[in-house]
Amino acid sequence: MSLTTNDSQKLLVLNKPKGYLVTRSDDLGRKTVYALLPEWVYTEGWMPIGRLDLDSKGLLLFTTDGQIGNALTKPGHCIKTYEIWVRGHVMDEHIAQALKGVQSPEGLLKALEVEKIGTGGAKTKLRVKIDEGKNRHIRRLFGALKDPKYGTPLKVLELTRTHIGFFELDVPLGKWRFLSTEEEKKLLKKLK
């Protein structure tokens, strides 16, 4: 894919599958997101904005501009939206606690919004919005809550980032594209 006049020269998006590390290289030889991107993304120093853990998938932005990266990851500056499947029965009390927050060694973990969007057996599908991203934030937040029926911690089974700010994931799994200059402008305008 080559750059056109409508393409951002500072931002590209990847739909990250499970099983890829968000890092430039791995001492253990595991696959990194750079295996999914053209070689020039690595050699020209494009860096991921934020992280998604090995078991997570979805929207991942890359940039060559450190100021953009910092602006999009600074707590309180940019809302990120996730769809998650949780093992356990998520009750209104759980949602209230997730909004209030739970203490962790890394500080308070909380969500801005939590919406129940589906159920299947003993699993609940949620849409979660956060404006910061501590390490494994959502997984640890829900893991601190207990299933009322079994007394076991809720467990995030699947996590997909669907939005960063207004920008919605729109590329197939494992594929990438440049943001348009219009999308870049709109995304960065909200940060000023």
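Structure: above.
*Asks:* So what about the pattern of salt bridges? Which residues, and what values?
*Replies:* Using the criterion set out here, one finds ten salt bridges in the structure. Between Arg30 and Asp26 there is a salt bridge, and its shortest N-O distance comes to 2.9 Å. Relative accessible area serves as the criterion here: at 40%, Arg30 is assigned to the partly exposed category. A residue is classified by how much of its surface remains accessible, and Asp26, at 19% relative accessible area, is buried. Residue Glu113 is joined to Lys129 by a salt bridge in which the shortest nitrogen-to-oxygen separation is 3.9 Å. Note that Glu113 is positioned in strand S7 (residues 113-120) and Lys129 in strand S8 (residues 123-130), a separation of 16 residues in sequence. Each of Glu83, Glu115, Lys125 and Arg127 takes part in salt bridges that share partners, so that together they form one network.

*Asks:* Describe the side chain of Asp53, and please don't skip the residues or the numbers.
*Replies:* You can see Asp53 is positioned in the loop between strand S2 (47-49) and strand S3 (57-63). Side chain to side chain, Asp53 and Arg136 meet in a polar contact 2.9 Å long. Beyond its immediate stretch of four places on either side in the chain, Asp53 contacts Lys16, Tyr20, Arg136 and Arg139.

*Asks:* Account for the pairing of strand S4 (residues 80-87), with residues named and values stated.
*Replies:* When S4 meets S8, the two strands line up antiparallel, connected through eight bridges. Looking across to S8, one finds that Glu83 is bridged to Arg127. The pairing of S4 with strand S9 (residues 155-164) spans eight bridges and is classified as antiparallel. By the bridge assignment, Trp85 is partnered in S9 with Glu158.

*Asks:* If you had to explain the packing of aromatic side chains to someone new, which residues and values would you point to?
*Replies:* Across all of its chains, the model carries eight aromatic pairs by this definition. When the ring of Trp40 is compared with that of Trp46, the centres are 6.1 Å apart and the planes differ by 70 degrees; the resulting orientation is edge-to-face. Given a relative accessible area of 25%, Trp40 falls into the partly exposed group. Look at Trp46 and you get buried, because its relative accessible area is 4%. Here the aromatic rings of Phe166 and Phe167 are separated by 6.1 Å at their centres, their planes lie at 85 degrees, and the arrangement is edge-to-face. Phe167 sits in the buried class, given a relative accessible area of 2%. Here the aromatic residues Trp40, Trp46, Trp176 and Phe178 are joined through ring pairs into a cluster of three or more. In this arrangement the basic side chain of Arg24 is found over the ring face of Tyr34, its NZ or CZ atom lying 5.4 Å from the centre. When the ring centre of Trp85 is taken as reference, the NZ or CZ atom of Lys123 above it lies at 5.4 Å.

*Asks:* I'd like a rundown of the environment of Ala35, residues and numbers included.
*Replies:* Relative to the elements of secondary structure, Ala35 occurs in the loop between strand S1 (7-16) and helix H1 (39-43). Linking Ala35 and Gly69, residues 34 residues apart in sequence, is a C-alpha distance of 21 Å.

*Asks:* Outline the nonpolar core, supporting the account with residue identities and numerical values.
*Replies:* The biggest cluster of nonpolar side chains holds 35 residues, and the ones touching the most others in it are Phe62, Ile84, Val128, Ile138 and Phe142. Elements that contribute at least two residues to this core include exactly S1, S3, S4, helix H3 (92-100), S8, helix H4 (137-143), S9 and strand S11 (176-180). Excluding residues within four positions of it along the chain, Ile84 makes contact with Thr124, Lys125, Leu126, Val128, Ile138, Phe142, Val156, Glu158 and Leu159. Core analysis: the next-biggest nonpolar cluster, separate from the first, contains 15 residues, Val13, Leu59, Leu61 and Leu188 among them.

*Asks:* Describe in detail helix H2 (residues 66-73), supporting the description with residues and values.
*Replies:* Of the residues making up H2, those classed as buried are Ile68, Gly69 and Leu72. Viewed along the axis of H2, the buried residues span an arc of 100 degrees, placing them on a single side of the element. Among the exposed residues of H2, those pointing more than 90 degrees away from its buried face are Gln67 and Asn70. Of the surrounding secondary structure, the elements contacted by the buried residues of H2 are S1, S2, S3, S4 and helix H5 (181-189). Between the side-chain oxygen of the N-cap and the backbone nitrogen of Gln67 there are 2.9 Å, and the N-cap of H2 in question is Asp65.

Reading guide: rules and limits
- Residues numbered from 1 in each chain as written.
- Predicted model: local features only at pLDDT ≥ 70, side-chain atom pairs only at ≥ 80, totals over all residues.
- Heavy atoms only, no water.
- Salt bridge = Lys/Arg side-chain N within 4 Å of Asp/Glu carboxyl O.
- Buried < 20%, exposed > 50% of the residue type's maximum accessible area, 1.4 Å probe, protein only.
- Helix = DSSP H or I, 4+ residues; strand = E, 2+ residues; numbered from the N terminus.
- Polar contact = N/O pair within 3.5 Å; in protein donor to acceptor, adjacent residues only side chain to side chain.
- Contact = heavy atoms within 4.5 Å.
- Pairing = 2+ DSSP bridges.
- Phe/Tyr/Trp six-rings, centres within 6.5 Å; stacked < 30°, edge-to-face > 60°.
- Lys NZ or Arg CZ within 6 Å of the ring centre and 35° of its normal.
- Core = buried A, V, L, I, M, F, W, Y, C linked by side-chain atoms within 4.5 Å.
- Arc of directions from axis to C-beta.

The values reported here are purely geometric and, on their own, carry no functional implication.
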